[in-house]
Amino acid sequence: MVWEAYLRVKANKGAAGVDEISISKFEEKLKDNLYKLWNRMASGSYMPLPVRAVSIPKDNGGERILGIPAVVDRIAEMVVTMCLEPLVEPYFHPDSYGYRPGKSALDAVATARQRCWKTDWVIDLDIKGFFDNLDHQLVMRAVRRHTDCRWVLLYIERWLKAPLQRADGTLENRDKGTPQGGVCSPLLANIFMHHAFDEWMRQNHPSVLFERYADDALVHCKTEQQAKLMCTAIEKRLAQCNLELHPEKTQIVYCKDDDRRKKYPKERFDFLGYTFRPRRAKNKHGKYFVSFLPAISNKAKSKIRKAIREWRIHLITWTSLENIAAKINPIVRGWYQYYGRFYKSEMYPVLRNVESYLRLWTRRKYKRLARHGHNARRHLGSVCKRTPKLFVHWELGLGSPTE
């Protein structure tokens, strides 16, 4: 199990922890390091190192603190995850999509799209500081409902209590929360929410449908009154679990379309990188109508544009188009496969930014094309015509025209 866990951690890559030992450095004495870990875990003497705190800026100007465990601790956490996941997976709700084998965020978006067509109202739930506020005692109580394995329980409790080491070296003791960045954290979050929310919904509101991805959840209601009552009930339930709904981000949304024309202050919401709102669509007879549909969110568009800018394609004139394509194609393809699944035309203006930077690259690379932008477009268009699959956005028909 330790060896298999190491292989999985290596495949996931990741940064070094507080001991500053990277995966490559860990592998310099791989046999000895894995043997020591196995020996300590088998004897009960394994103690985790503090978790390294890394600050990640939020879009609203705040910051999110990620906790990065050391490589040896990530391997240990993977061992426990491999042991615990098969025990809990059969009990999880079918509408829980986060961090589960065979399920994805796109599955959750697809299900939400179908249900928004069938029900008029959605509660867009946002739990305030979910990973930072998980109650340790309640987490352990939830885990004990699925296993009585002593070493699994022992090490989970030690990880929950492992201190956080700030950038200045100071240690911060934790009496709640699980580090975002820990290997075991997603599974613990799913176990907690299974009992705090999924099972509670199934037992108390079996006719109310929902989708949950970790701490992001949508609840579908038939009437506005039902949505308000459900919102209040969910708020009370989460308070019993020492969690709080975000008062500003949690909202009731009306799924407006051609058949549902009531006016309401909230007629859109974001879910897993998609914005659901009324959009123009075409039926099988070619006629246009308004439907309530998901498409890539403005926030996701901004992140993609920022990433494209940071590539600084126009400045790397010492390399070739083939090398640029090899570098960026896997990333662009990943964007398109995720955000282009629904209402893909919203992705096209974003991906055209790649073409804009390629034109700048062409003008800097070839002095004879520097003065006139249309010459650069024509040159790229001729390259695109010869090798239409060189870039992912060219395959989508987003290349420069030859004329």
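About the criteria used
Residues numbered from 1 in each chain as written. Predicted model: local features only at pLDDT ≥ 70, side-chain atom pairs only at ≥ 80, totals over all residues. Heavy atoms only, no water. 1 Å grid on protein atoms, 1.4 Å probe; cavity = no way out; pocket = protein on both sides within 12 Å on 5 of 7 lines; lining within 4 Å. Points joined across faces, edges and corners; volume = space filled by probe spheres on them. Helix = DSSP H or I, 4+ residues; strand = E, 2+ residues; numbered from the N terminus. Nonpolar A, V, L, I, M, F, W, Y, C, P; charged D, E, K, R; others polar. Core = buried A, V, L, I, M, F, W, Y, C linked by side-chain atoms within 4.5 Å. Buried < 20%, exposed > 50% of the residue type's maximum accessible area, 1.4 Å probe, protein only. Contact = heavy atoms within 4.5 Å. Phe/Tyr/Trp six-rings, centres within 6.5 Å; stacked < 30°, edge-to-face > 60°. Lys NZ or Arg CZ within 6 Å of the ring centre and 35° of its normal. Axes fitted to C-alpha atoms, helices over the stretch in contact; angles between N-to-C directions. Parallel < 35°, antiparallel > 145°, perpendicular 65-115°, else oblique. Left-handed = near helix turned anticlockwise from the far one by under 90°. Salt bridge = Lys/Arg side-chain N within 4 Å of Asp/Glu carboxyl O.

Student: Hey, could you run me through the layout of surface pockets in this one?
Tutor: The gaps left among the atoms become clear once a water-sized probe is rolled over them. Roughly 1,600 Å³ of volume is contained in the largest pocket. Arg64, Asp126, Asp216, Lys249 and Lys299 are, among the 45 residues lining the largest pocket, the residues nearest its centre. Those elements that provide at least two residues to the lining of the largest pocket are β2 (63–68), β3 (121–126), β7 (216–221), β9 (269–271), α10 (298–311) and α11 (321–339). Counted by class, the lining of the largest pocket contains 21 nonpolar, seven polar and 17 charged residues. The calculated volume of the second largest pocket comes to roughly 570 Å³. Every residue lining the second largest pocket is counted, 26 residues in all, and those nearest its centre are Asn12, Gly181, Gly182, Val183 and Pro186. Elements with a minimum of two residues in the lining of the second largest pocket: α1 (2–12), β2, α4 (71–88) and α8 (185–204). For the lining of the second largest pocket, the class distribution of residues is 12 nonpolar, eight polar and six charged.

Student: Can you walk me through the nonpolar core in this structure?
Tutor: Proteins that are soluble and globular tend to have nonpolar side chains buried together. Counting 67 residues, the largest nonpolar core has Ile75, Ile123, Phe130, Ile156, Phe192, Val219 and Ile234 as its most contacted members. A per-element tally of this core places α8 first, with 10 residues. Residue contacts for Ile123: discarding those within four places in its chain leaves Ala217, Leu218, Val219, Cys221, Ala227, Met230, Cys231, Gln251 and Ile252. Ranked by size, the runner-up nonpolar core spans 50 residues in total, among them Cys255, Tyr274, Tyr357 and Leu380.

Student: Would you explain the packing of aromatic side chains in this entry?
Tutor: Within a pair of aromatic rings, the relevant descriptors are the distance that separates the centres and the angle that separates the planes. On inspection of all chains with the given rule, the structure shows 20 aromatic pairs. A centroid spacing of 4.8 Å and a plane angle of 85 degrees characterise the contact between Tyr338 and Tyr339, whose relative ring orientation is edge-to-face. In this structure, Arg279 packs its charged tip against the face of Tyr343, placed 5.5 Å from the ring centre. In this arrangement the basic side chain of Arg280 is found over the ring face of Tyr288, its NZ or CZ atom lying 4.0 Å from the centre.

Student: How do you make sense of the packing of α4 against α8 when you look at a structure like this?
Tutor: Any two packed helices are characterised by how steeply their axes cross, that is the angle between the axes, and by the distance between the axes. At a closest axis distance of 10 Å, the pairing of α4 and α8 adopts a crossing angle of 30 degrees. Considering the angle they form, α4 stands roughly parallel to α8. The crossing of α4 and α8 is left-handed. Judged by residue contacts, Glu77, Thr81, Leu84, Glu85 and Val88 of α4 engage Ser185, Leu187 and Ile191 from α8. Residues belonging to the contact of α4 with α8 are distributed by class as follows: four nonpolar, two polar and two charged.

Student: Can you walk me through the packing of helix α6 (residues 136–144) against helix α7 (residues 150–161) in this structure?
Tutor: The N-to-C vectors of α6 and α7 enclose an angle of 160 degrees; their axes lie 11 Å apart at closest approach. In terms of their interaxial angle, α6 and α7 are classed as roughly antiparallel. Relative to α7, the crossing made by α6 is right-handed. Touching His136, Val139, Met140, Val143 and Arg144 of α6 are Leu153, Ile156, Glu157, Leu160 and Lys161, all from α7.

Student: What is the right way to look at the pattern of salt bridges in this model?
Tutor: Two side chains of opposite charge can pair, provided their charged atoms sit close to one another. What the rule picks out here adds up to 16 salt bridges. With a closest N to O distance of 3.3 Å, Arg115 and Asp95 form a salt bridge. Placement of the pair is Arg115 in helix α5 (residues 105–118) and Asp95 in the loop between α4 and α5, with a sequence separation of 20 residues. In this pair, the class of Arg115 matches that of Asp95, namely buried. Across the pair Arg333 and Glu395 runs a salt bridge whose closest N-O atoms are separated by 3.7 Å. Of this pair, Arg333 sits in helix α11 while Glu395 sits in helix α14 (residues 392–395); the two residues are 62 residues apart in sequence, bridging distant segments of the chain.

Student: I would appreciate a short explanation of empty space enclosed by the protein in the present structure.
Tutor: Evaluation of the coordinates by the stated rule reveals two cavities of 30 Å³ or more. Reported here for the largest cavity is a volume of approximately 100 Å³. Val51, Pro69, Glu77, Trp159 and Pro179 are, among the 14 residues lining the largest cavity, the residues nearest its centre. A class-by-class count of the residues in the lining of the largest cavity yields 10 nonpolar, two polar and two charged. Its volume calculated, the second largest cavity comes out at about 40 Å³. A per-class count over the lining of the second largest cavity returns seven nonpolar, no polar and two charged.

Coordinates in, geometry out; function isn't part of it.
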